[in-house]
Amino acid sequence: MSHVVVGDPLLPRELPKWLFKIKVLPAAGPALDLDSVPVATSPGRVNLQVRLWGLIPLSRLVVNVVPPVKVVPGGHSIGVLLNARGVVVVGFAEITDAAGKKRCPAREAGIAGGDIIVSVNGRSVHSEQEVRNEIQTSGENGREVRVEVKRGDRHLVFRVKPLFCPKTGGFRLGLYVRDSAAGIGTLTFYEPRSRVYGALGHAIIEAAAGHGAAAAQGRIVEATIQGIRPSRRGQPGEKIGTLEGGVIWGEITRNTPCGIFGPLREPLSNPLYPQPLPVAMVYQVKKGPAEMLTVLKGNRVERFPVEILQVMPQNKREGKGMIIKIVDEELLRQAGGIVQGMSGSPIIQEGKFVGAVTHVFINDPTRGYGVLAEWMLLDANLMPAREEKAA
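Residues numbered from 1 in each chain as written. Predicted model: local features only at pLDDT ≥ 70, side-chain atom pairs only at ≥ 80, totals over all residues. Heavy atoms only, no water.

### Concerning the overall build of the protein chain
Here is the rule: In this text, helices come from DSSP runs of H or I with a minimum length of four residues, and strands from runs of E with a minimum of two, each type numbered from the N-terminal end. Only protein chains enter the accessibility calculation, which uses a 1.4 Å probe; a residue is then buried when its area is under 20% of its type maximum, exposed when over 50%, and partly exposed in between. Throughout, a contact is declared for two residues whenever any of their heavy atoms are within 4.5 Å. Only the protein chains shown count as covering a residue, and every accessible area follows the Shrake-Rupley method with a 1.4 Å probe.
Within the protein chain one finds four helices and 31 strands. Across the 391 residues that make up the protein chain, the buried fraction comes to 49%. Contacts in the protein chain between residues far apart in sequence, at least 24 positions, make up 67% of those at least 6 positions apart. Element-wise, carbon and sulfur atoms account for 51% of the exposed surface of the protein chain, whose accessible area totals about 18300 Å².

Written as C-alpha cells, this is what we have:
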C-alpha cells in the first residue's frame, strides 16, 4: 500500500499514461476520473487495478489517500539527552596482562554490548568518569568490581576483577561506555497542531548498543554551535556545541530507524519559513536542486543549496531513501561537506519538506544519505501506517 495526497493522480508516476490505465474497483471510495486517470477527491483507501492498454489486467494496488500534511521545518541545533539511569556499554577492548596474554575481563564475566550499567560497587553511576573511578579504586585495593546492569527488563549483577593496563597506567575492565548525553543533532520538523517533532533522521545508539529501543526515553534541549571540525576524506567532521543552560525543548518518546520523536513543550518558529510547508510523499521527491537548513554558528538557522542525486523509494523504513550532495561553496569551505551533528537537517525542494540528512559518505563527505519525509511522518504517527514488504 502506498500514500497519495488528495488531489494527485492515482496512477504511479513510473507507469506511462499512454500504455497503462487504472480502473477503480467497486466499493473503492471517492475518486474522480480526470483525463482517464483517477484523482482522489477525499481521504480514504482506494482499490485499483492496473491494465495494459486499458484491457489486460496486470496487478492490483491499494492506495491510501491522505490529506495534505504541513509542518514547520527545523534546522535548529539540539542536544539529545537520554533518561537511561546509568551508562551504556558500547564496546570492548582487550588488555594485555603481565603474562602478555590479551584479555577482556568484562566480556569474560558476561557483560554484553547494550547493557546499561546502573551501579558499580553499590554506587549509582551516570558518567564514564564515575565508572572509571570505581574500577580504579577497586583495582588499587585488589578487590573485584561489583557491576549491576540493566539488560532489557532484567537486572543482572557481575563481579569482575580489574586488570592493570600498562598502556594507560590504570586498572580497567576492558569496557567502552557512553553516558546519557548522546550528543548534538538537528531538529527536523514540528507539526503545529499536535506539537509533535521529529529529529536526527536515524535511531540513537543504532549499532553500538544493538537495541536502540533502550534509549527511547529522554529529552531534547537547546544547543549552541561554537565551531565545526571539517570533514575530510576518510575522516568525518563534527559540530562542536554546548547545551544552553539545559533549556528543555521537548521529550523523546519514540526512537526509530527514521529518527527520534515526541512532543515539544512550546511552539517552534523558523525565521526562514514562518509558515508551515507541505510534506512531500515519496513519489513527489525528485532528482535535482534542493536546499538544506542547518546551523553552523551559534543558533542561526541558515539555508544551503544541495543536489538530490538519487531517490530510492523503499518498501522498508530506514534513513537511506535518497542520496544528496553539498554544492554550496561556503558550506564546503567551513565544514568540508556533511559533518556529525547535521543529522536531521531538513531538506526542502520546490516549497515542500522532502526529507532530512542522515549519514555522510566516509570517502566523500560532500555526499551522504537522507531519510524521506514520508517515512519520518509515519514513525511520528502523523500519517496512517502503510504496509511494508520484506526486503
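Next comes the rest of the write-up.
### Describing the packing of aromatic side chains
Geometry of an aromatic ring pair is reported as the spacing of the ring centres plus the angle between the planes. Test applied: Pairs were defined over the aromatic rings of Phe, Tyr and Trp, the Trp ring being its six-membered one, requiring ring centres within 6.5 Å. Orientation was assigned from the angle between planes: stacked under 30 degrees, edge-to-face over 60, tilted for the rest.
For the coordinates displayed, the defined rule picks out three aromatic pairs. Residues Phe164 and Phe171 carry aromatic rings whose centres are separated by 5.4 Å and whose planes lie at 70 degrees to one another, so their mutual orientation is edge-to-face. Judged by centre distance (5.7 Å) and plane angle (45 degrees), the ring pair of Phe189 and Phe353 falls under tilted. Here Phe189 is found in strand E19 (residues 181-191), whereas its partner Phe353 is found in strand E30 (residues 352-361), with 164 residues between them in sequence. By relative accessible area, which is 0% here, Phe189 ends up buried. Look at Phe353 and you get buried, because its relative accessible area is 0%.

### Here we look at the sheet that holds strand E26 (residues 288-295)
The line we're drawing: Being paired, for any two strands, means DSSP has found at least two bridges between them. Where helices are involved, their axes are fitted lines through C-alpha atoms of the stretch in contact, as for all axes, and angles between N-to-C directions lie from 0 to 180°.
Spatially, the six strands close up into a barrel ordered E26-E27-E28-E31-E30-E29, and their pairing is antiparallel. Each neighbouring strand pair of the sheet contributes to a mean axis angle of 45 degrees, computed without reference to strand direction. With eight bridges joining them, E26 and strand E27 (residues 301-311) adopt antiparallel strand pairing. Its bridge partner lying in E27, Glu291 is registered against Pro305.

### A few points about the environment of Glu318
With respect to the helices and strands, the residue Glu318 is situated in the loop between E27 and strand E28 (322-326). By relative accessible area, which is 37% here, Glu318 ends up partly exposed. Measuring from C-alpha to C-alpha, the distance between Glu318 and Ala203 comes to 9.4 Å, with 115 residues separating the pair along the chain. Not counting chain neighbours up to four residues away, the residues in contact with Glu318 comprise Pro257, Cys258 and Val371.

### Things to note about the side chain of His76
Test applied: Throughout this description, a polar contact denotes any pair of N or O atoms lying within 3.5 Å of each other; where both atoms belong to protein, one of them has to be capable of donating a hydrogen while the other can accept it, and for residues adjacent in sequence the pair is counted only when both atoms sit in side chains.
With respect to the element layout, His76 can be found in the loop between strand E7 (70-73) and strand E8 (77-82). Here Ser269 takes part through its backbone oxygen, which lies 3.0 Å from a polar atom of the side chain of His76. Apart from the residues lying within four places of it in its own chain, the contact partners of His76 are Gly185, Thr186, Leu187, Trp249, Leu268, Ser269, Asn270, Val295 and Val301.

### A word on the pattern of salt bridges
Applicable threshold: By definition here, a salt bridge exists when the distance from a side-chain nitrogen of Lys or Arg to a carboxyl oxygen of Asp or Glu is within 4 Å.
Here the structure, examined in full by the defined rule, presents twelve salt bridges. Between Asp115 and Arg151 there is a salt bridge, and its shortest N-O distance comes to 2.8 Å. Of this pair, Asp115 sits in the loop between helix H1 (105-109) and strand E12 (116-120) while Arg151 sits in strand E14 (residues 145-151); the two residues are 36 residues apart in sequence, bridging distant segments of the chain.

### Side note on the nonpolar core
Counted only if it meets this: By nonpolar core is meant a set of buried Ala, Val, Leu, Ile, Met, Phe, Trp, Tyr and Cys residues that side-chain atoms within 4.5 Å join together.
Ranked by size, the top nonpolar core spans 51 residues in total, and within it Phe189, Ile308 and Ile347 carry the most contacts. Val87, Ala106, Phe158 and Leu175 belong to the second largest nonpolar core, which has 18 residues in total.

### Some thoughts on the environment of Glu330
Examined against the element boundaries, Glu330 turns out to sit in helix H3 (residues 329-335). Each C-alpha atom of the pair Glu330 and Phe304 lies 8.5 Å from the other, and the pair is 26 residues apart in sequence. Among the polar contacts listed, one links the side chain of Glu330 to the side chain of Arg333, at a separation of 2.6 Å.

### So, the pairing of strand E15 (residues 154-160)
Judged from the seven bridges that link them, E14 and E15 form a sheet pairing that is antiparallel. When the bridges of E15 are listed, Lys150 appears paired with His155. Between E14 and E15, which pair antiparallel and follow one another directly, the connecting turn spans two residues, one of which, Gly152, has a positive phi of 65 degrees.

### Some remarks on unusual backbone geometry
Even without a glycine there, the phi angle at Leu200 is positive, about 70 degrees. Locating Leu200 in the fold gives a position in the loop between strand E20 (196-199) and strand E21 (218-229).

### So, the pairing of E8
When you tally the buried positions in E8, you get six out of six residues, the bulk of the element. Alternating residues of E8 divide into Ser77, Gly79 and Leu81 and Ile78, Val80 and Leu82, and every residue in both groups is buried. Across five bridges, the pairing between E8 and E21 is antiparallel. Residue pairing for E21: Leu81 is matched across the bridge by Arg219.

### Observations regarding helix H2 (residues 128-140)
Short version of the rule: The length a helix should cover is 1.5 Å for every residue beyond the first. For this quantity, the arc is that covered by the directions from the helix axis to the C-beta atoms.
Spanning 13 residues, H2 covers 19 Å between terminal C-alpha atoms, matching the ideal 18 Å at 1.5 Å per step. Listed in full, the buried residues belonging to H2 are Val131, Glu134, Ile135, Ser138 and Gly139. Relative to the axis of H2, the buried residues are bounded by an arc of 130 degrees and lie together on one face. Next to the buried residues of H2 lie strand E9 (87-92), E12, strand E13 (123-124), E14 and strand E17 (170-172). Looking one or two residues past H2, Gly142 carries a phi angle of roughly 70 degrees, positive in sign.

### Examining the environment of Trp249
With respect to the helices and strands, Trp249 occurs in strand E22 (residues 238-252). Considered as a pair, Trp249 and Leu268 are 19 residues apart in the sequence and their alpha carbons are 9.1 Å apart.

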